[in-house]
Amino acid sequence: MPRQSRRQSSTSTASPRRASDSRFVSFPDRPSTGAGANVVGRRGHIDAGGVSDGVSEGDNGWDPPDERITHRADVSIHVAAGRRGSAVLSDADRPVAPSTAAPSTVGRPASSSAAVDLAVLLIEDDPGDALLTRELLADSGLGTRFAQASSLTEAAATTSTPDCVLLDLHLPDSRGLAALRQVLHRWPDAAVVVLTGLADAATATAAVAAGAQDYLIKGQIDGTLLGRTVEYAVQRRRVVVTQRQLRDSRMQASENLRLQRGLLPTPLITDPTLAVTSRYVPGRGRSLLGGDFFDLVQDRDHTIHAVIGDVCGNGPDEAAIGVGLRVGWRTLTLAGVDKTSRMRLLEQVLVAERPREAMFATACTIRVTPDRSTVVVVSAGHPAPLVITPDGAYPAPIRHHLGLGMFPGRGRWQESIVTLPKDAGLLLYTDGAYEGFAEDGTRLGEQRFVDLAGRLSVTTDPGDFLTALLTEIRRGDDGRHNDDTALLHLTWPGSDGG
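Bear in mind that the values here come from a model prediction, so they are computed numbers and not experimental data. (Residues numbered from 1 in each chain as written. Predicted model: local features only at pLDDT ≥ 70, side-chain atom pairs only at ≥ 80, totals over all residues. Heavy atoms only, no water.)

Caption draft 1: Looking closely at the pattern of salt bridges. In total, this model carries twelve salt bridges according to the counting rule given. A salt bridge links Lys218 to Glu124, with the nearest nitrogen and oxygen atoms 2.6 Å apart. Highlighted residues: Lys218 in the loop between strand E9 (214–217) and helix H6 (223–263) and Glu124 in the loop between strand E3 (118–123) and helix H2 (127–140), separated in sequence by 94 residues. Two residues, Arg372 and Asp271, come together in a salt bridge whose shortest N-O distance is 3.6 Å. Here Arg372 is found in the loop between strand E13 (361–368) and strand E14 (374–380), whereas its partner Asp271 is found in the loop between H6 and strand E10 (275–281), with 101 residues between them in sequence. With relative accessibility at 12%, the residue Asp271 sits in the buried group. (Salt bridge = Lys/Arg side-chain N within 4 Å of Asp/Glu carboxyl O. Helix = DSSP H or I, 4+ residues; strand = E, 2+ residues; numbered from the N terminus. Buried < 20%, exposed > 50% of the residue type's maximum accessible area, 1.4 Å probe, protein only.)

Structure follows, in structure tokens:
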């Protein structure tokens, strides 16, 4: 039949549209005359009044439809231009598709291309609507990996995570905003766009308030609009997720910093001639948080008490245990509890507070007499302090026993009395100082660490000495070691650097 004859036939014979037919696109250049719209079928059907144009699938050369966007409560409902009700279109109103022109791309987002590969999940129980949505996405020029589920139960069983979920609000196993909430709970980081036949502004507002990125009405969209909506929704959601992750990381960093201050407190000393120098390096320099801790207090008679410890592992649990052990040690020391009793009590604290049974800690406590000639050491599985002199460095000869929490109740910690040379200082450290790698690719080891400290002992300034020591430790490691390193250096009048 000639094209003009088909048009005349369409104006005189109206056939009602099937309720499930949602393949629509509006004709261009029609003035908006009300809140409703003439919604015209993508293959030539007219939504209201049932007028059939009979345009063939090849006649698609005109520009995308004119749109009117109604903004209400920050919700955009896209409505094709026109007037709702029965319609008889005159020849002047009808577009004429050029026979040789290529399909227009006016209004298509510049970023839409096959290079944009988004995973789109459509939750739709109507096969016709699902097919149309797939066609519209294909027409949009947006590169997508498309999947479709006919119910929420089927969708929830998928193992992949979509970038965007297109959701119908009328599903066999859920309806309305309840369906939206289930989807948001199942994929909290995905962009959710409601695609429904319900043209209700109140529902649209409620859906966006509940977490939907947009609200589209079936029959009032085309490929360009759908592709643009999906792409922009995904980008908006990614911004929200990134901002949330950034906020969470800042909060975590703040909490970590507070824990770190608990691990590395200000020494409680009264002797201005006592030089206390410390360094702390987190594993691989990636965070502020670790399980190493130290503390130092001084009695009225100038006796020095110090502790250094290492909770096995890294993270907030280990840091919290470290803070508890350090605070417990300071309290017991100020209360005058002897060193071996302190170890037993600290182990009880660790066992009571640790989140898992396998967690343990090592610790070393020292007491330097007021004349600085003797140091009393108790070690619970921790490396011995180094005695630093101008002629070199050597580990203090002490007795070791079990770490705290390894075998609760079985520790037999004993005091070791070590005589100090007149010009000696003390270096307390955690095992991160020697468990890194040397320049030859092997583990540095405790002996090579002692030799390194001995070579650098000619450096008289305590700060320069620790800086040079850490530089040499990290030179060969090249960031491969992930354990924390804590150093505590003590000097006094008469000792090297004092």
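Now, onward.
Caption draft 2: View of the environment of Ala155. As for its position among the elements, Ala155 is in helix H3 (residues 152–156). Expressed as a C-alpha distance, the spacing of Ala155 and Ile123, which sit 32 residues apart in the sequence, is 6.9 Å. If we skip the residues at most four places from it in the chain, Ala155 touches Leu121, Ile123, Ala149 and Trp187. (Contact = heavy atoms within 4.5 Å.)

Caption draft 3: Here's a closer look at H2. With 14 residues, H2 ought to run about 20 Å at 1.5 Å a step, and its terminal C-alpha atoms sit 20 Å apart, in line with that. Looking only at H2, the buried set comprises Asp129, Ala130, Leu132, Thr133, Leu136, Leu137 and Ser140. One side of H2 carries all its buried residues, which in axial view fall inside an arc of 165 degrees. Counted as exposed and oriented over 90 degrees from the buried face of H2: Pro127 and Ala138. Between the side-chain oxygen at the start of H2 and the backbone nitrogen of Gly128 there is a gap of 2.8 Å, and the oxygen is on Asp126. Phi turns positive, to about 85 degrees, at Gly141, one or two residues after H2. (Expected span 1.5 Å × (residues − 1). Arc of directions from axis to C-beta. Polar contact = N/O pair within 3.5 Å; in protein donor to acceptor, adjacent residues only side chain to side chain.)

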